[in-house]
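# Descriptive structure summary
These are the residues of each chain, in order.
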Amino acid sequence: MLGRVFWNLLDNAAKYSPDSPQVRVEIEAGDGEVRVRVRDHGMSIPAVEQSLIFDKFSRGAAARTASIKGTGIGLAMARDIVRAHGGDIGVDSAVGSGSTFTVMLPAAFTETTSA
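Because the structure is a prediction, the values reported are computed rather than measured.

On to the confidence of the model for the chain. Overall, the predicted model of the chain reaches an average pLDDT of 87, with 93% of residues at or above 70. In the model of the chain, helix H3 (residues 61–65) stands out as the element of lowest mean pLDDT, 71, in contrast to strand S2 (residues 33–39), which has the highest, 97.

Here it is in structure tokens:
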């Protein structure tokens, strides 16, 4: 299921960045969690819409205006899957700077002892 989350984020990054095809994925571990960031340089999401895009059937105004195909369920599904794994998902976006989606998941560590 987590594969679907990352597929959705990568697909959205490409879909909403038609003039800037570069997408960056960063992985960071620390403080008991793993953070995966998907950054694009495409359409930005206004602050007023950022909390709404994780609701079912919600799409940003820019996506509707640009006639980009979508149903508005991908990010809602992604949030549900990430939360089912004990994590969370968020977005950081500023007009003209693209968007960064961050998936935060609990890290699982296995301790080993040497004899």
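Text resumes after the structure shown.
A few words now on the sheet that holds strand S1 (residues 24–30). Spatially, S1-S2-S4-S3 is the arrangement adopted by the 4 strands of the open sheet, whose pairing is antiparallel. This sheet does not close on itself; its edge strands, each paired only once, are S1 and strand S3 (88–94). The mean angle between the axes of side-by-side strands here comes to 15 degrees, regardless of whether they run parallel or antiparallel. Here 7 bridges tie S2 to strand S4 (residues 98–106), and the two strands are oriented antiparallel to one another. Counted as the bridge partner of Val-34 is Leu-105 from S4. Helix H1 (residues 2–15) rests against S1, S2, S3 and S4 of the sheet, and its axis sits at about 170 degrees to S4. Sheet contacts for helix H4 (residues 74–84): S3 and S4; angle to S3, the most-contacted strand, approximately 135 degrees.

What counts and how
- Residues numbered from 1 in each chain as written.
- Predicted model: local features only at pLDDT ≥ 70, side-chain atom pairs only at ≥ 80, totals over all residues.
- Heavy atoms only, no water.
- pLDDT = per-residue confidence, 0-100.
- Helix = DSSP H or I, 4+ residues; strand = E, 2+ residues; numbered from the N terminus.
- Pairing = 2+ DSSP bridges.
- Axes fitted to C-alpha atoms, helices over the stretch in contact; angles between N-to-C directions.
- Contact = heavy atoms within 4.5 Å.

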